[in-house]
Amino acid sequence: MTEPDEQEQTPEEPAAAATQPAMVPRPEPPPTDEPAVDAAIKRLHALDELPVAEHVGIFDEAHRELQDSLADLDEE
(Lines give C-alpha, C1' and ligand atoms only; values in the text may rest on other atoms or scores of the structure.)
Protein backbone atom coordinates (compact mmCIF):
# COMPACT_ATOMS: atom_id res chain seq x y z
CA MET A 1 0.00 0.00 0.00
CA THR A 2 1.38 3.44 -0.89
CA GLU A 3 0.99 6.55 1.22
CA PRO A 4 -0.73 9.56 -0.39
CA ASP A 5 1.60 12.18 -1.73
CA GLU A 6 1.70 15.31 0.47
CA GLN A 7 1.15 17.57 -2.52
CA GLU A 8 -2.11 15.81 -3.35
CA GLN A 9 -3.60 16.72 0.03
CA THR A 10 -4.96 20.24 0.15
CA PRO A 11 -6.16 21.97 3.30
CA GLU A 12 -9.79 22.96 3.43
CA GLU A 13 -10.59 26.44 2.15
CA PRO A 14 -11.29 28.97 4.92
CA ALA A 15 -14.86 30.16 5.19
CA ALA A 16 -15.68 33.09 2.91
CA ALA A 17 -16.74 35.27 5.84
CA ALA A 18 -13.36 34.82 7.47
CA THR A 19 -11.52 36.03 4.37
CA GLN A 20 -13.63 39.14 3.72
CA PRO A 21 -12.14 42.46 4.84
CA ALA A 22 -13.77 44.34 7.68
CA MET A 23 -16.46 46.82 6.66
CA VAL A 24 -15.30 50.41 6.58
CA PRO A 25 -17.98 52.80 7.84
CA ARG A 26 -19.38 55.05 5.16
CA PRO A 27 -19.38 58.80 5.77
CA GLU A 28 -22.70 60.43 6.61
CA PRO A 29 -24.43 61.73 3.48
CA PRO A 30 -24.76 65.49 3.17
CA PRO A 31 -28.15 66.99 4.09
CA THR A 32 -30.63 67.59 1.28
CA ASP A 33 -32.65 70.28 3.11
CA GLU A 34 -35.73 68.05 2.68
CA PRO A 35 -36.48 66.54 6.12
CA ALA A 36 -38.37 63.50 4.77
CA VAL A 37 -35.60 62.71 2.28
CA ASP A 38 -32.91 63.15 4.92
CA ALA A 39 -34.81 60.80 7.27
CA ALA A 40 -35.16 58.14 4.56
CA ILE A 41 -31.46 58.36 3.66
CA LYS A 42 -30.48 58.15 7.31
CA ARG A 43 -32.46 54.92 7.72
CA LEU A 44 -30.88 53.45 4.59
CA HIS A 45 -27.46 54.45 5.86
CA ALA A 46 -28.07 52.38 9.02
CA LEU A 47 -28.80 49.13 7.12
CA ASP A 48 -25.31 47.76 7.82
CA GLU A 49 -26.18 47.60 11.51
CA LEU A 50 -29.45 45.67 11.01
CA PRO A 51 -30.07 42.00 10.27
CA VAL A 52 -30.72 41.32 6.59
CA ALA A 53 -34.23 40.11 7.44
CA GLU A 54 -35.13 43.70 8.43
CA HIS A 55 -33.79 45.34 5.25
CA VAL A 56 -36.94 44.85 3.16
CA GLY A 57 -39.08 46.74 5.68
CA ILE A 58 -36.58 49.61 5.75
CA PHE A 59 -36.47 49.76 1.94
CA ASP A 60 -40.28 49.77 1.76
CA GLU A 61 -40.54 52.53 4.35
CA ALA A 62 -37.89 54.69 2.66
CA HIS A 63 -39.53 54.17 -0.72
CA ARG A 64 -42.91 55.25 0.65
CA GLU A 65 -41.41 58.34 2.29
CA LEU A 66 -39.61 59.34 -0.89
CA GLN A 67 -42.78 58.87 -2.95
CA ASP A 68 -44.69 61.03 -0.44
CA SER A 69 -42.02 63.72 -0.72
CA LEU A 70 -42.30 63.74 -4.49
CA ALA A 71 -46.10 63.91 -4.28
CA ASP A 72 -45.82 66.88 -1.90
CA LEU A 73 -43.61 68.69 -4.42
CA ASP A 74 -46.25 68.18 -7.11
CA GLU A 75 -48.89 69.77 -4.87
CA GLU A 76 -46.85 72.93 -4.27
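Cut-offs applied
- Residues numbered from 1 in each chain as written.
- Predicted model: local features only at pLDDT ≥ 70, side-chain atom pairs only at ≥ 80, totals over all residues.
- Heavy atoms only, no water.
- Salt bridge = Lys/Arg side-chain N within 4 Å of Asp/Glu carboxyl O.
- Helix = DSSP H or I, 4+ residues; strand = E, 2+ residues; numbered from the N terminus.
- Buried < 20%, exposed > 50% of the residue type's maximum accessible area, 1.4 Å probe, protein only.
- Contact = heavy atoms within 4.5 Å.
- Patch = residues over 30% accessible without salt bridge, like charges linked within 9 Å, V, L, I, M, F, W, Y side chains within 5 Å.
- Areas by Shrake-Rupley, 256 points an atom, 1.4 Å probe, with all protein chains shown as cover.
- Lys, Arg positive; Asp, Glu negative; His and termini not counted.
- Charge placed at Lys NZ, Arg CZ, Asp CG, Glu CD.
- Arc of directions from axis to C-beta.
- Expected span 1.5 Å × (residues − 1).

**Here we look at the pattern of salt bridges**
In the structure shown here, the tally under the stated rule is two salt bridges. Between R43 and E61 there is a salt bridge, with its nearest N and O atoms 3.0 Å apart. With a gap of 18 residues between them, R43 in helix α2 (residues 35-45) and E61 in helix α3 (residues 55-75) connect regions that are remote in the sequence. Overall, R43 belongs to the partly exposed group, its relative accessible area being 26%.

**Things to note about the side chain of H45**
Relative to the helices and strands, H45 is located in helix α2. When sequence neighbours within four positions are dropped, the list of residues in contact with H45 reads R26, P27, E28 and P29.

**Some words on a negative patch on the surface**
Together, D33, E34, D68, D72, D74 and E75 make up a negatively charged patch on the protein surface. For D33, the location among the structural elements is in the loop between α1 (16-19) and α2. Classification of D33 as exposed rests on a relative accessible area of 69%.

**Side note on α2**
Within α2, burial applies to V37, A40 and H45. One face of α2 carries all of its buried residues, which in axial projection span an arc of 140°. Across α2 from its buried face, at more than 90 degrees, point the exposed residues P35 and K42. Lining the buried residues of α2 we find α3.

**Remarks on α3**
End to end, α3 covers 30 Å across 21 residues, agreeing with the expected 30 Å (1.5 Å per residue, within 8%). Three or more residues of α3 are buried, namely H55, I58, A62 and S69. Viewed end-on, α3 has its buried residues packed into an arc of 65°, placing them on one side of the element. Along α3, exposed side chains directed more than 90 degrees from the buried face belong to V56, D74 and E75.

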